[in-house]
Amino acid sequence: MLWSSENQQICLCIVLCCVTSAAAVIHISGYEGKTVNIDCPYDAGFESHEKYLCRSDCQQDADILIKSTVAAKGRYSTGDNTQKRIFTVTISHLSFKDAGKYWCGVTKFGFDTYPSEISLKVEKEWCCVKTNMMSGIVGSPVTLSCPYPPQHRDNRKFLCKGDHRDNCTDLETGGSRFTLQDDVSSSSFLVMVTKLEESDAGTYWCGSDSKWIPENYTKIELLVEWCCVKTNNIRGNLGHALNFSCPHSPQHQDNRRFLCKGDQRRNCTDVLLTQSRFTLQDDESPGSFLVTMTKLEDSDAGTYWCGSDSKWSAGNYTKIELSLEWCCVKTEKMSGTVGHSFVLSCPYPPQHRSNEKFLCKGEHRDNCTDVLLSQSRFTLHEDESFSSFLVKITKLEEGDAGTYWCGSDSKRGAGNYTKIELSVGNSTLKMVVYIALPGLVVLLLALVIAYKCKWKGTEIKNDKGRKLEALEMISVKPEESVYKNIHDEASLDSQDNVYENITTIKDVYSVYM
């Protein structure tokens, strides 16, 4: 604690003078508007003592900015690592007024101890020509482009890595994975990096002016992506189950399998531990395992990583991009004719009887446009008795063809809608004529043939009639003779005459036939 009496202040000043000559001076620099950490080491035995940071010569209580007993105060926050014996004060939103001398203090019985003097320098943020955001794949090459002023054509070109130019390390560009190639014609040079490693990610500065004059350099933020065996794009239906396979290296057969979700593996969350709807089982194929997801939800869409290597070695994993499709009650395929009216039927659940009904058009529900509001040719008619409604389209146009979605649930819950695939064609009148004309010709030909056959049959019948008439005329007298002989007597001679007459009649009949 600081003593408030005049004598104590005099003694403290004497002590500080002695400390000033003995304490080590720690030089720290920060940038305007940024954050800086001030580390204050202390000796063993003071782990449980109160520490503080004070300004100037610490002659007044007002000079104390913050104590270790307070976690945060304004722009100041503290942390005490008793194992390393380092008391840290963080100053945020630095300004040029923060520059100057500070003291790290430790409270003890009698006079406090001041093990370190801090010299803080605040600078204006150094800028560059521009900042380029680039990304590469682990194990693959990448090329960085660095422009420079034309007057620096003969200057040494370089590439260095670091958060700021003050701690920027010049990378060797000869005989390593980094090679430099100058392109004088475009006033720029290229740095080619072969076989990117994860440690290559970070901030780079490239230019041609060793004096680091602002606006003569380019800042490059390089993001190194982890790659995988392959990327699978999978689609699922909301409310339904989904199965997909995850291959892995044969040598990982006994490793723990996992599935995690996240844009990058660094923020990848293991869903097998957090989601009960996700289950894993060995696939029939020895080099893969099967993941089952039940009752898909909107939040399930995204990027997944699956594999069996806990070290995340490149090439041992599969990246899965899962998109979810909105599903419907059923899909109807309908067709109509240009210029004609057409009626669409849309069923809905009975509990949605009082809901607002709608019909929209689009390949997906996400880009579905309500045609009942935008098209005057579309009218809706309710049919509550059948839990459905009808949409009548007058004078169909070719542009009406496409995918429609109709239903009665504004929340678009899976299973409450009907998907309609409507095709629109031209009039079929000519087609009917073309198809019917050959049929008519065949029918007429059949009628003509039938008529001719009937006429020929009539002629034959008439000929037979004439022959019979002639036969009757010839056989009149023999019949009279036969009946006369039979009537007069039943003699053998008369019977012979009858047979003779019959024979004569057959002969005559055969002549006319």
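Undergrad: Where do I start with the state of the cysteines in this structure?
TA: In protein chemistry, a disulfide is the covalent bond that joins the sulfur atoms of two cysteines. Using the criterion set out here, one finds 8 disulfides in the structure. Between cysteine 40 and cysteine 104 runs a disulfide, and the two sulfur atoms are separated by 1.9 Å. Handedness of the cysteine 40-cysteine 104 disulfide follows from its S-S torsion of about -55°: it is left-handed. One end of the pair, cysteine 40, is in strand S2 (residues 36-41); the other, cysteine 104, is in strand S8 (residues 100-106), and 64 residues separate them in sequence. Side by side, cysteine 40 and cysteine 104 carry an identical accessibility label, which is buried.

Undergrad: Would you mind showing me how to read the sheet that holds strand S27 (residues 342-347) here?
TA: Each strand in a sheet pairs with another by means of backbone hydrogen bonds, the pair being arranged parallel or else antiparallel. The sheet built from 3 strands is open, its strands ordered S27-S31-S30 with antiparallel pairing. With partners counted over all chains shown, the strands left at the sheet margins are S27 and strand S30 (378-383), one partner each. Put simply, the sheet's adjacent strands are angled 25° from each other on average, direction ignored. In the sheet, S27 pairs with strand S31 (residues 388-393) via 6 bridges, with the strands oriented antiparallel. For phenylalanine 342, the partnering residue across the bridge sits in S31 and is isoleucine 393.

Undergrad: How should I be thinking about the confidence of the model for the chain in this particular structure?
TA: Low pLDDT means the predicted atomic positions in that stretch should not be read closely. When pLDDT is averaged across the chain, the result is 77; 72% of the residues are at 70 or more. Contacts for the low-pLDDT stretch residues 1-22, under 50 throughout, to residues beyond four places or in other chains number 30 contacts. This stretch, residues 474-513, has a pLDDT under 50; its non-local contacts, to residues over four places away or in other chains, come to 18 contacts.

Undergrad: Hey, could you run me through unusual backbone geometry in this one?
TA: Comment: phi is negative for the bulk of residues other than glycine, and the bulk of peptide bonds are trans. For lysine 195, which is not a glycine, the phi torsion comes out positive at approximately 50°. The phi torsion at lysine 295 lies on the positive side, around 45°, for a residue other than glycine. Residue position: lysine 295 is located in the loop between strand S23 (288-293) and strand S24 (302-307). Its relative accessible area of 61% is what places lysine 295 among the exposed residues.

Undergrad: Teacher, can you tell me more about the sheet that holds strand S22 (residues 278-282) here?
TA: One open sheet holds the 3 strands; their spatial order is S19-S23-S22, and the pairing between them is antiparallel. This sheet does not close on itself; its edge strands, each paired only once, are strand S19 (242-247) and S22. Strand after strand, the sheet turns through a mean of 25° between neighbouring axes, direction not considered. Bridge count for S22 against S23 is 5 bridges, and the pairing is antiparallel. Bridge pairing in S23 links leucine 280 to valine 291.

Undergrad: Got a minute to help me understand the environment of tyrosine 417 in this structure?
TA: Relative to the helices and strands, tyrosine 417 resides in strand S33 (residues 417-425). For tyrosine 417, a relative accessible area of 0% gives the class buried. Residues tyrosine 417 and leucine 359 lie 58 residues apart in sequence; the distance between their C-alpha atoms is 9.9 Å.

Undergrad: Just to check I follow, could you spell out the environment of glutamate 197 for this structure?
TA: Considering the arrangement of structural elements, one finds glutamate 197 in the loop between strand S15 (188-193) and strand S16 (202-207). Since its relative accessible area comes to 38%, glutamate 197 is described here as partly exposed. Separated by 57 residues in sequence, glutamate 197 and serine 140 place their C-alpha atoms 8.6 Å apart. Those residues within four positions of glutamate 197 in sequence are excluded, and the remaining contacts are Arg177 and Val224.

Undergrad: Just checking my understanding: could you explain the nonpolar core for this structure?
TA: Nonpolar side chains in soluble globular proteins tend to end up buried together. Judged by nonpolar contacts, the single largest core of 20 residues is most densely connected at Ile38, Leu53, Val89, Ile91, Tyr102 and Leu120. Of all the secondary structure elements, the ones that give two or more residues to this core are S2, strand S4 (64-67), strand S7 (86-91), S8 and strand S9 (113-123). Ignoring anything within four residues of it in the chain, the contact list for isoleucine 91 reads Lys34, Thr35, Val36, Ile38, Arg75, Tyr76, Asp98 and Tyr102.

Undergrad: What's the story with the packing of aromatic side chains in this structure? I'm lost.
TA: Both the distance between ring centres and the angle between the ring planes are used here to describe each pair of aromatic rings. Evaluated as defined, the whole model comprises 5 aromatic pairs. Site record: aromatic cluster; members linked through ring pairs are Tyr52, Trp103 and Tyr114. A cation over an aromatic ring shows up here: lysine 51 above the ring of tyrosine 42, its NZ or CZ 4.3 Å from the ring centre.

Undergrad: Please clarify how the side chain of threonine 403 should be interpreted in this entry.
TA: Structurally, the position occupied by threonine 403 is in strand S32 (residues 402-407). Within the structure, threonine 403 has its side chain in polar contact with the side chain of glutamate 421 (distance 3.0 Å). Setting aside chain neighbours within four positions, we find threonine 403 in contact with Cys360, Lys361, Gly362, Glu363, Lys419, Ile420 and Glu421.

Undergrad: I keep staring at the pairing of S24 and nothing clicks. Help me out?
TA: Across the 6 residues of S24, 5 count as buried, placing the element largely inside the fold. As defined by bridge partners, S24 adjoins strand S25 (residues 317-325) across 6 bridges and the pair is classed as antiparallel. Note that in S25 the partner of tyrosine 304 across the bridge is isoleucine 320.

Undergrad: Explain the pairing of strand S14 (residues 178-183) to me, please; I cannot follow it from the model alone.
TA: Consecutive side chains along a regular strand alternate between the two faces of the sheet. Judged from the 6 bridges that link them, S14 and S15 form a sheet pairing that is antiparallel. Bridge pairing in S15 places aspartate 182 opposite phenylalanine 189. Counted between consecutive antiparallel strands, the loop separating S14 from S15 contains 4 residues, among which serine 187 sits at a positive phi close to 50°.

Undergrad: Can you help me understand the side chain of aspartate 300 in this one?
TA: Positionally, aspartate 300 belongs in the loop between S23 and S24. What aspartate 300 contacts, discounting residues up to four positions off in sequence, is Lys261, Arg277, Phe278, Met293, Lys295, Leu322 and Leu324.

Undergrad: Looking at this structure, I do not really get a nonpolar patch on the surface. What am I missing?
TA: Where nonpolar side chains cluster on the molecular surface, the patch consists of Leu440, Leu443, Leu444 and Leu447 and spans about 410 Å² of accessible area. As for its position among the elements, leucine 443 is in helix H4 (residues 429-474). The partly exposed category is assigned to leucine 443, whose relative accessible area is 49%.

What counts, and at which threshold
Residues numbered from 1 in each chain as written. Predicted model: local features only at pLDDT ≥ 70, side-chain atom pairs only at ≥ 80, totals over all residues. Heavy atoms only, no water. Disulfide = S-S within 2.5 Å. Helix = DSSP H or I, 4+ residues; strand = E, 2+ residues; numbered from the N terminus. Buried < 20%, exposed > 50% of the residue type's maximum accessible area, 1.4 Å probe, protein only. Pairing = 2+ DSSP bridges. Axes fitted to C-alpha atoms, helices over the stretch in contact; angles between N-to-C directions. pLDDT = per-residue confidence, 0-100. Contact = heavy atoms within 4.5 Å. Core = buried A, V, L, I, M, F, W, Y, C linked by side-chain atoms within 4.5 Å. Phe/Tyr/Trp six-rings, centres within 6.5 Å; stacked < 30°, edge-to-face > 60°. Lys NZ or Arg CZ within 6 Å of the ring centre and 35° of its normal. Polar contact = N/O pair within 3.5 Å; in protein donor to acceptor, adjacent residues only side chain to side chain. Patch = residues over 30% accessible without salt bridge, like charges linked within 9 Å, V, L, I, M, F, W, Y side chains within 5 Å. Areas by Shrake-Rupley, 256 points an atom, 1.4 Å probe, with all protein chains shown as cover. Salt bridge = Lys/Arg side-chain N within 4 Å of Asp/Glu carboxyl O.

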